[in-house]
Amino acid sequence: MTVLLTIALLIGVFLIGANLWTRRLTRQGIATVPQMGQIVPVNGGSIHYVEKGEPGKQTILMIHGLTGQLQHFTYALMDQLSQDYHVIAVDRPGCGYSTRDDASLGTLTEQARMIHEFMQKKGISDAVLVGHSLGGAVSLAMAQAYPDDIKALALLAPLTHRMPGPPAIFKPLEIRTEWLRNLIGNTIAVPLAKKTAPHVIHEAFAPEAAPSDFLDRAGGALGLRPSAFITGSQDVIGIEASIDGVNQGYKDLQVPGGILYGSDDPILSPAQHGVPMQQFGLSYEQLENRGHMILITAPDECATFIRNVLDATQTEKPKAENR
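Everything quoted here is computed from the prediction, not taken from an experiment.

Trainee: Explanation requested: the overall build of the protein in the structure shown.
Mentor: In terms of regular secondary structure, the protein is built from eleven helices and nine strands. Relative to the globule expectation of 20 Å for 323 residues, the C-alpha radius of gyration of the protein, 20 Å, shows essentially globular dimensions. By its C-alpha atoms, the protein is 75 × 40 × 35 Å across when sized along the principal axes. Expressed as a percentage of the 323 residues in the protein, the buried residues total 55%. Here the analysis covers contacts within the protein between residues at least 6 apart in sequence; of these, 80% occur between residues at least 24 apart. When the accessible surface of the protein is summed, it comes to about 14000 Å², and 57% of that surface belongs to carbon and sulfur atoms. Of the side-chain charges in the protein, 25 are positive and 31 negative, and the distance between the mean point of each set is 7 Å.

Here you go:
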């Protein structure tokens, strides 16, 4: 009995120490990347966003990927477009400084609903969605559920189809039990993320080099919080639960647009997630010798792609009753 009590005590001390370390790293992350926008409450949580450009111009709504935040767009791409368009970048529900109430809101359809509610509260009814990676899947879910409010899709390296499992760098997020992900998130996940950050960032940007200011200017330091791990884990399971339903809706996709991929993307295969979407009416282009994070490494090319999608969809989209 004494041995068992000693082991339990040591485990307790370790977890308390890990939690204190996590809290310190969390404070550092928030100090490095403070809230830069406004927050709008929606059913099930809230949406944090930044906004640039004149509201009277065409609205471009930007949605980031797994374990990301809106700074992936404010890094460069948002400024590329805001002189000619009204540009809004959001933190997906639960990410960055947005919130969501529980794990059930991690599905693609629920995230689509929450962001659409944000659009309604902002009075936006003709958005061009720029979704990166997981944000692309959320954009596709929004286009299916709310086609009259979406003008076009300009998707950057989007997730579009079921995978046998998450990419290797996201495999640790594949936790299905809520209490366990909360325990891990509030103890060892953040210190481990701090230690492995250079490797994870390198893999995410390969074959290109990651920018030296990714942790601050691109918001990467916000990943050093329990909520980032917990939300990421919920997202991984939410994708698994909802991606097939989104896939089934592709045949009825009414919103025009296109997809841009890096030819050497190590996270999502262009052949699996990009090329097949041509049969559903989306154009496909790729940038040679580029990886997954093209919104940061190739902002000029991404801006040109988005402008081209807009130019191709200038004619008013017919209403549902006329289809």
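From this point, the narrative continues.
Trainee: Can you walk me through empty space enclosed by the protein in this structure?
Mentor: Unoccupied space between atoms shows up once a probe the size of one water molecule is rolled over them. One pass over the full model with this rule turns up one cavity of 30 Å³ or more. Volume-wise, the largest cavity comes out at about 80 Å³. T67, G68, C95, G96 and A228 are, among the 14 residues lining the largest cavity, the residues nearest its centre. Looking at the lining of the largest cavity, its residues break down into three nonpolar, nine polar and two charged.

Trainee: Could you clarify how one ought to interpret the environment of M119 in this entry?
Mentor: Within the fold, M119 resides in helix α4 (residues 108-122). Judged by its relative accessible area of 0%, M119 is buried. In this structure the C-alpha to C-alpha distance between M119 and V40, which are 79 residues apart in sequence, comes to 9.9 Å. Excluding residues within four positions of it along the chain, M119 makes contact with L61, I124, A127, M142, D149 and I150.

Trainee: When you look at the packing of aromatic side chains in this model, what are you seeing that I'm missing?
Mentor: Two aromatic rings, taken as a pair, are described by how far apart their centres are and by the angle between their planes. Here the structure, examined in full by the defined rule, presents three aromatic pairs. Each ring, one from Y49 and one from F118, has its centre 5.1 Å from the other, and the planes form 55°; the classification is tilted. Taken together, the residues span a long stretch of sequence, with Y49 in strand β2 (residues 45-52) and F118 in helix α4 at a distance of 69 residues. Here the aromatic rings of Y250 and F280 are separated by 5.4 Å at their centres, their planes lie at 50°, and the arrangement is tilted. Of this pair, Y250 sits in the loop between α8 (226-248) and β8 (257-262) while F280 is found in the loop between α9 (270-273) and β9 (282-287), placing the two residues 30 residues apart along the sequence. Judged by relative accessible area, which is 22%, F280 ranks as partly exposed. Over the ring of Y97 we find R225; its NZ or CZ atom is 5.5 Å from the centre of that ring.

Trainee: So what exactly am I meant to see when it comes to the pairing of strand β1 (residues 38-42) here?
Mentor: Strand residues, when the strand is regular, have side chains that alternate between the two faces of the sheet. One ladder, built from five bridges, connects β1 with β2; its direction is antiparallel. The residue of β2 that forms the bridge with V40 is I47.

Trainee: Even after reading the chapter, I still don't get the layout of surface pockets, so can you show me in this structure?
Mentor: Roughly 900 Å³ of volume is contained in the largest pocket. Lining the largest pocket are 37 residues, and of these T67, I169, F170, A193 and V200 sit closest to its centre. Those elements that place two or more of their residues in the lining of the largest pocket are α7 (189-205) and α8. Take the lining of the largest pocket: its biggest share by element is twelve residues, from α7. Counted by class, the lining of the largest pocket contains 23 nonpolar, 13 polar and one charged residues. Here the second largest pocket defines a volume of roughly 310 Å³. Lining the second largest pocket are 21 residues, with M163, G165, P166, P167 and I239 sitting closest to its centre. Taken together, the residues of the lining of the second largest pocket break down into 14 nonpolar, three polar and four charged.

Trainee: Is there a simple way to think about the pattern of salt bridges in this case?
Mentor: Pairs may arise between side chains of opposite charge once their charged atoms sit close together. Under the criterion given, the structure shown has 17 salt bridges. A salt bridge links D84 to R307; the shortest N-O distance between them is 2.8 Å. With D84 in the loop between α3 (77-81) and β4 (86-90) and R307 in helix α11 (residues 299-312), the pair connects residues that are 223 residues apart, well separated along the chain. Taking the relative accessible area as the measure of exposure, R307 reaches 23% and is therefore partly exposed. The closest approach of N and O atoms between D235 and R92, which form a salt bridge, is 3.1 Å. Here R92 lies in the loop between β4 and β5 (99-100) and D235 lies in helix α8, a separation of 143 residues in the sequence. Salt bridges here are not isolated pairs; linked through shared partners, they connect E110, R113, E117 and K121.

The rules we used
Residues numbered from 1 in each chain as written. Predicted model: local features only at pLDDT ≥ 70, side-chain atom pairs only at ≥ 80, totals over all residues. Heavy atoms only, no water. Helix = DSSP H or I, 4+ residues; strand = E, 2+ residues; numbered from the N terminus. Rg over C-alpha atoms; globule rule 2.2 N^0.38 Å. Buried < 20%, exposed > 50% of the residue type's maximum accessible area, 1.4 Å probe, protein only. Contact = heavy atoms within 4.5 Å. Areas by Shrake-Rupley, 256 points an atom, 1.4 Å probe, with all protein chains shown as cover. Lys, Arg positive; Asp, Glu negative; His and termini not counted. Charge placed at Lys NZ, Arg CZ, Asp CG, Glu CD. 1 Å grid on protein atoms, 1.4 Å probe; cavity = no way out; pocket = protein on both sides within 12 Å on 5 of 7 lines; lining within 4 Å. Points joined across faces, edges and corners; volume = space filled by probe spheres on them. Nonpolar A, V, L, I, M, F, W, Y, C, P; charged D, E, K, R; others polar. Phe/Tyr/Trp six-rings, centres within 6.5 Å; stacked < 30°, edge-to-face > 60°. Lys NZ or Arg CZ within 6 Å of the ring centre and 35° of its normal. Pairing = 2+ DSSP bridges. Salt bridge = Lys/Arg side-chain N within 4 Å of Asp/Glu carboxyl O.

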